[in-house]
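Read off the chains here:
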Amino acid sequence: MKLYTAKKIRSLYNSGQSVRTISRQFGISKSYCYQILRNEVCFDVFYKPQTLKTKVDVDAAWALMKEHKTQAQIAHELSTEENRISPSLVGYHLRRRWEEERE
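Here's a quick rundown of the structure. (Residues numbered from 1 in each chain as written. Predicted model: local features only at pLDDT ≥ 70, side-chain atom pairs only at ≥ 80, totals over all residues. Heavy atoms only, no water.)

## Here we look at the side chain of Arg10
So, point 1. Within the element layout of this structure, Arg10 appears in helix H1 (residues 3-14).
So, point 2. The buried charged residue Arg10 lacks any salt bridge partner; its closest oppositely charged side chain belongs to Asp44, at an N-O distance of 4.3 Å.
So, point 3. Polar side-chain contacts of Arg10 include one of 3.1 Å to the backbone oxygen of Cys42.
So, point 4. Sequence-distant contacts of Arg10, that is, excluding residues within four places in its chain, are made with Leu3, Ile36, Leu37, Asn39, Val41, Cys42, Asp44 and Tyr47. (Helix = DSSP H or I, 4+ residues; strand = E, 2+ residues; numbered from the N terminus. Buried < 20%, exposed > 50% of the residue type's maximum accessible area, 1.4 Å probe, protein only. Lys, Arg positive; Asp, Glu negative; His and termini not counted. Salt bridge = Lys/Arg side-chain N within 4 Å of Asp/Glu carboxyl O. Polar contact = N/O pair within 3.5 Å; in protein donor to acceptor, adjacent residues only side chain to side chain. Contact = heavy atoms within 4.5 Å.)

This is the structure in structure tokens:
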């Protein structure tokens, strides 16, 4: 992939486009798109990657866990088109919440 294409992908993402939309537009996988956004491929010395933050509503995840939902089910229910949440991220937040509750 050419550097100017990677710059276009980064620009679209910074303007609010979702990774899913960008990956479809350029015919690349979401994983490859994330690698471009993290500057792991198509390296640009002048590009400073943003921290890709995915937010989890911990209270909602905790409530779903109390309903005996799995991490995968919770992740699926809390994910949106623009903000895909992984089961491992849900698990991370639930473990932190569980530790807080124990104290």
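## Digging into the nonpolar core
So, point 1. Within the largest apolar cluster, eleven residues are counted, these being Ala6, Ile9, Leu12, Val19, Ile22, Ile28, Cys33, Ile36, Leu37, Cys42 and Tyr47.
So, point 2. Elements with a minimum of two residues in this core: H1, helix H2 (19-26) and helix H3 (30-37).
So, point 3. Excluding residues that lie within four positions of it along the chain, Tyr47 makes contacts with Arg10, Ile36, Leu37 and Asn39.
So, point 4. Ranked by size, the runner-up nonpolar core spans nine residues in total, among them Trp62, Ala75, Ile85 and Val90. (Core = buried A, V, L, I, M, F, W, Y, C linked by side-chain atoms within 4.5 Å.)

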